[in-house]
Amino acid sequence: MHVLKGIGVSEGIAFGKLRAYKKDFFSMHSMKVFVEDTDLELNKFKKAKELALNQLDVLYNNALNDIGEDYAMIFNVHKMMLEDIEYLNSIVNVIKDENVNAEYAIWFTSRNFEKKFENMDSEYMQQRASDVRDISKRLINCMNNQVDSNVLSDKKEIIIGCDDLTPSELLELNKDCITGFITILGSKNSHTSILAKSMNFPAVISLGDQLKPEFEDCDVIIDSFAGAVYVSPDRATIRRLRRKKEMCNKQQELLSRFKGKDDVTLDGQSIELCANVSNIIDIKAVKECDASGIGLFRSEFIYMERQSYPSEEEQFKIYKTVAEKMSPKPVTIRTLDIGADKQAKYFDIPREPNPSMGFRGIRICLDRPNIFKTQLKAILRASAYGNIRILIPMISNLDEILQTKALLEECKNELRKDGFKYDDNIQLGIMIETPAAVMISDILAKEVDFFSIGTNDLVQYSLAVDRQNDKINFMFNPQHMAILRMIRLVCDNAHKEGITVGICGEIASDDKMTEIFLSLGVDELSMSSPFVLGIRRKVRSINVSAIRDEILSKL
Amino acid sequence: MIKLECEIKDPCGVHARPAGYLRDLAKKFDCQILLRKIDSDNYCDASNVLSVMASGFKCGDNVSVEVISKPDKPVDERIFIPELKNIFGEKKE
């Protein structure tokens, strides 16, 4: 037995035979083969084209349901490309004129179009070369699948192994026989990982050279909880993981019993359990776990992995989609919190000696009001389509709130003039994540509609423990008495002014903390979707009045 | 035949989405839409998405558009032209 260690994405256990996922069909088919019967090749090509168009239809519809129209559109564009007469004619002509195989004709045509795109000045158009490549690959794969599909379907449980998997490749895997995947490369935050997680598809990534070609056809077990892959597992391991899988299924079943139930304690105290979202794809998981809303929508992802600032229109569409999908439940959009460990090149932020205490979050937004106003306007416009709240990060003084409110008014006025609709009573809240904000929370509470405590940064700033320093990681303790007392102070000050307090750091999903939060009167907990139902079960088992006094006396 | 000149106003030029809309427009009006840059003789047909994209119409380019309709199905310019301009990034007023 070999045990490989990687990063587990999603939660699950899968059994199967390991198969290499053959991606590099493409360069293989750059080989020119002369044929006698070109009609056979033309026919092969025609069939592959029909199959590819059907596949794209299915992909489009799946993506439309899973991740929304903006992302699904790409499959429609691919479909239109596949119907391009020049592209199709070129393939047919190469087959006929040169008496060659269809694969080569596709490869040749694809290269021609790719070159045209690669030579354009705009980076956007240069990237379209990969779309041409993608559709050409699909055509070639379709031809091969006509031969290969039987081979695949004779095995029931297969685990795919490859260098890396793109989101569209993942969406296309036949889930009837493929139970999971493992990759040599990959990162936890890639689209593929996020997608695998939201599909509950077991996977272990980033295995490096541990994954060897000779493992092909071996029995493997993926444990994506532990980030482990067992190749040719021994009996004891098989037995242990079968049991773990059963437990996990049972847990799922148990949790699904808590769907549709209220988040209320035995003695009738209620709390909102919301979900954190860092990507549009997460919305599906939020719906599935039956959260009371989105407590933290990290808008940074809209700004990351691109070359220039997103436009108002672009942002508006994303916020609108989320608001509509969640309506009437609330969606709390945290405005741009870039800086520190989250950087995008085009912001052109110079290197700082101490970035977590540097130019970040609201500090950037107030320094560059045009960027901030673009986002605020997009959020305001989307507020006409659902229940949106605005959350401002990294507040450390009152002035930042007053400036933000003034900008928000400006945005409203401009939108009104331009005839756009928006929710005039949109709620404005702030993140409490600096010790300064905690200490003046009585003053801040008079100016905003809600608080959201970000424990990750609050712990780092209060305990003077760098989140990213492995050496002192053990000191990063969200349950430190100092933090609990701060939460208590914030709750008391907020409730005196009649506003609500949420907690959106990782600690919100820690079920050992639920009693304390309930005793303190926290109004909302926001966490990763997979934790919501577990915490709901916990909430419904607690009698707060019986434990409150004792817990509070210890703080 | 309708003949007109348009300026591309979409900052990204005629990329995937506009190219798709152009094709849909040709389908909707059941006509042929031929495009070329003012200073070029190379026409491309809007029904071919890839070719339109590969022609590389950029923001600020002036494009000559020729619309050839079927004899029994004349294209209504009042509807067609605003839709066309909208695709090229000119906002509807």
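Basis of the calculations
- Residues numbered from 1 in each chain as written.
- Chains lettered and ligands numbered in written order.
- Predicted model: local features only at pLDDT ≥ 70, side-chain atom pairs only at ≥ 80, totals over all residues.
- Heavy atoms only, no water.
- Helix = DSSP H or I, 4+ residues; strand = E, 2+ residues; numbered from the N terminus.
- Buried < 20%, exposed > 50% of the residue type's maximum accessible area, 1.4 Å probe, protein only.
- Contact = heavy atoms within 4.5 Å.
- Areas by Shrake-Rupley, 256 points an atom, 1.4 Å probe, with all protein chains shown as cover.
- Axes fitted to C-alpha atoms, helices over the stretch in contact; angles between N-to-C directions.
- Parallel < 35°, antiparallel > 145°, perpendicular 65-115°, else oblique.
- Left-handed = near helix turned anticlockwise from the far one by under 90°.
- Nonpolar A, V, L, I, M, F, W, Y, C, P; charged D, E, K, R; others polar.
- Salt bridge = Lys/Arg side-chain N within 4 Å of Asp/Glu carboxyl O.
- Pairing = 2+ DSSP bridges.

### Side note on the overall build of chain A
Each helix and strand counted, chain A has 22 helices and 16 strands in total. The 555 residues of chain A split such that 50% are buried. Here the contacts in chain A between residues at least 6 apart in sequence split such that 69% fall between residues at least 24 apart. Of the roughly 25,900 Å² that chain A leaves accessible, carbon and sulfur atoms contribute 49%.

### Points about the packing of helix α1 (residues 16–28) of chain B against helix α3 (residues 77–87) of chain B
All names here are of chain B. In contact at an axis separation of 9 Å, α1 and α3 are set at 165° when each is read in the N-to-C sense. Regarding the angle of α1 to α3, the classification is roughly antiparallel. Crossing of α1 against α3: the hand is left-handed. Contacts between α1 and α3 pair Pro18, Tyr21, Leu22, Leu25 and Lys28 from the former with Phe80, Glu83, Leu84 and Ile87 from the latter. Looking at the contact of α1 with α3 residue by residue, the classes come out as 7 nonpolar, no polar and 2 charged.

### Quick look at the pattern of salt bridges
Residue and element names in this part refer to chain A. Overall, the coordinates contain 36 salt bridges over all chains when judged by the stated rule. Two residues, Glu414 and Lys377, come together in a salt bridge whose shortest N-O distance is 2.6 Å. Placement of Glu414 in helix α15 (residues 398–417) and of Lys377 in helix α14 (residues 369–382) is noted, with a sequence separation of 37 residues between them. Exposure remark for Glu414: the relative accessible area of 26% places this residue in the partly exposed category. Assessed through its relative accessible area of 14%, Lys377 is described here as buried. Where Glu497 meets Lys446, a salt bridge forms, and the shortest distance between an N and an O atom there is 3.1 Å. In this pair, Glu497 sits in the loop between α19 (481–496) and β15 (500–503) while Lys446 sits in the loop between α17 (441–444) and β14 (450–453), placing the two residues 51 residues apart along the sequence. On the accessibility criterion, Glu497 (36% relative accessible area) is partly exposed. With a relative accessible area of 57%, Lys446 lands in the exposed category.

### So, the sheet that holds strand β2 (residues 31–37) of chain B
Residues and elements named next belong to chain B. Reading across the sheet, the 4 strands line up as β1-β4-β2-β3 and stay open at both edges, with antiparallel pairing between neighbours. One side of each edge strand has no neighbouring strand; the edge strands of this open sheet are β1 (2–7) and β3 (44–45). Relative to strand β4 (residues 62–69), β1 is paired through 6 bridges, and the arrangement is antiparallel. Across the sheet, Cys6 pairs through a bridge with Val63, a residue of β4. α3 contacts β1, β2 and β4 of the sheet and is inclined by roughly 25° relative to β1.

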